[in-house]
Amino acid sequence: MSRLATATIHLGAMRHNLARAREQAGGARVMAVVKADAYGHGLERAARALDAADAFGVAAIADGQRLRAAGHRQRIVVLSGPDSAADLSEMRRLELDAVIHHESQLAWLQADRGQRPLRVWLKLDTGMHRLGFPADRARQIHARLAAMHNVDDTIVLMTHFAASDEFDNPLTERQIESFQTAVDGLPGPRALSNSAALLGWPVARGDWVRVGGLLYGLSVVEGTCGSDFGYRPAMSLRTRLIAVNALGKGDRVGYAATWAAPEAMSIGVAAIGYGDGYPRSIAPGTQVRVGDVPCPVVGRVSMDLVTVDLRGAPAAQVGDEVTLWGPGLPVESVAAAAGSISYELTCGMTRRVLFVEDDS
Ligand SMILES: *Cc1c(COP(=O)(O)O)cnc(C)c1O
């Protein structure tokens, strides 16, 4: 059987989203974050659509290799920097920028005999307590980096927010203050904001914004989707009905027989499941679209199949298209119904999903 579960990646939406982010960034440069295979959309294809970005952000040197192999000449920032001393020569060879967040990395740089200066982003921890030097050591670490002959003179100063998606959370205010105090008087561009901060914390714009989710049309602000802020979803996940079956009142559907037909009715069986990345954990009643008609999922999501209440779509038949998410059916809502966020769902498409792209 040919593969039915198809993720269509909308390159036009990504181009639009980059332009929209730029507009919201108000003059700050835009780093397009393309880690995790561009949040599941495909690294090379996303980078092609986002080529107007001022830089790319990646989690791994291997992604930098792929972007250089695809011909991208922008700055590429490895967001967690070198993981070993040996990474430095590869980063130089590929001209990748290094985020420096830990004493061990300083030691590798100190011992490094490389000639060409490495571009460095100094990461400060202002309250997230994941990666970064304590903010109150900013001056000291900056001085050590500035004294290294193998580090480029322009050192970007950065921090990362823990809760910028909550627009009234005082933690972000404290992080901004702590960052400003730490870097006051130090030279170099400032880079604080992720997507949510771009939306909700204009004071944190700085000289660079690091935008991932919004470029794919995804919002992590609870109860919202990207289109609420003028962004367009970049992925549509679709499949087809492979069966339409009549049920009698009380007939139970799927593993563990969790759902019973409240009346005589028909259900549709769609060729997609958690084996493709559609979450098994969705709440009962999560909507899909059969043709143009919203219909609730009923019963358990299984590995290859999802069962759908067709009472709203009585004309539905085998072969009809089923949309799991995409324009008009936000992946953010599906994610919320699964107790997750949209990023996890788009990152979770498995290898058996067929990826295609269009220009919309
Ligand atoms: C992933 C990441 C981003 C982008 O976050 P979004 O919410 O996708 O915009 C920005 N900065 C750092 C350090 C990151 O790891």
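What counts, and at which threshold
Residues numbered from 1 in each chain as written. Predicted model: local features only at pLDDT ≥ 70, side-chain atom pairs only at ≥ 80, totals over all residues. Heavy atoms only, no water. Helix = DSSP H or I, 4+ residues; strand = E, 2+ residues; numbered from the N terminus. Contact = heavy atoms within 4.5 Å. Salt bridge = Lys/Arg side-chain N within 4 Å of Asp/Glu carboxyl O. Buried < 20%, exposed > 50% of the residue type's maximum accessible area, 1.4 Å probe, protein only. Near = heavy atom within 4 Å. Polar contact = N/O pair within 3.5 Å; in protein donor to acceptor, adjacent residues only side chain to side chain. Areas by Shrake-Rupley, 256 points an atom, 1.4 Å probe, with all protein chains shown as cover. 1 Å grid on protein atoms, 1.4 Å probe; cavity = no way out; pocket = protein on both sides within 12 Å on 5 of 7 lines; lining within 4 Å. Sits in = over half its atoms within 2 Å of the grid points. Nonpolar A, V, L, I, M, F, W, Y, C, P; charged D, E, K, R; others polar.

Description of the environment of threonine 323
Alright, step 1. Structurally, threonine 323 can be placed in strand S18 (residues 321–325).
Alright, step 2. Separated by 84 residues in the primary sequence, threonine 323 and threonine 239 place their C-alpha atoms 6.5 Å from one another.
Alright, step 3. Dropping the residues within four chain positions of it, threonine 323 is found in contact with Leu237, Arg238, Val288, Arg289 and Leu329.

Brief notes about the pattern of salt bridges
Alright, step 1. Considering all chains together, one arrives at 20 salt bridges under this definition.
Alright, step 2. Arginine 48 is the salt-bridge partner of glutamate 357, the closest N and O atoms lying 3.1 Å from each other. Of this pair, glutamate 357 sits in strand S19 (residues 354–358) while arginine 48 sits in helix H3 (residues 43–49), and the two are 309 residues apart along the sequence.
Alright, step 3. We classify glutamate 357 as partly exposed; its relative accessible area is 36%.
Alright, step 4. Owing to a relative accessible area of 49%, arginine 48 belongs among the partly exposed residues under this scheme.
Alright, step 5. Between arginine 352 and aspartate 304 there is a salt bridge, with its nearest N and O atoms 2.9 Å apart. Taken together, the positions of arginine 352 in the loop between helix H11 (342–347) and S19 and aspartate 304 in the loop between strand S16 (293–298) and strand S17 (306–309) put the pair 48 residues apart, joining distant regions of the chain.

Some remarks on the side chain of serine 302
Alright, step 1. Here serine 302 shows up in the loop between S16 and S17.
Alright, step 2. On the basis of relative accessibility, which here comes to 15%, the residue serine 302 falls in the buried class.
Alright, step 3. Once residues lying within four places of it in the same chain are set aside, the contact partners of serine 302 are Tyr255, Gly273 and Tyr274.

Quick notes on the site of the ligand
Alright, step 1. Taken together, 13 residues are adjacent to the ligand, and Lys35, Tyr39, Ser195, Gly213 and Tyr343 come closest.
Alright, step 2. Here an oxygen atom of the ligand sits 2.5 Å away from a polar atom, N or O, in the side chain of serine 195.
Alright, step 3. Taking arginine 210, its side chain carries an N or O atom lying 2.8 Å from a nitrogen atom of the ligand.
Alright, step 4. Contact with the protein chains covers 91% of the free accessible surface of the ligand, which is 390 Å².
Alright, step 5. Mapping the ligand onto the cavity grids shows that it belongs to the largest pocket.
Alright, step 6. For the shell around the ligand, the secondary-structure elements that each account for two or more residues are helix H2 (35–39) and strand S10 (208–211).
Alright, step 7. The residue inventory of the shell around the ligand, partitioned by class, reads five nonpolar, five polar and three charged.

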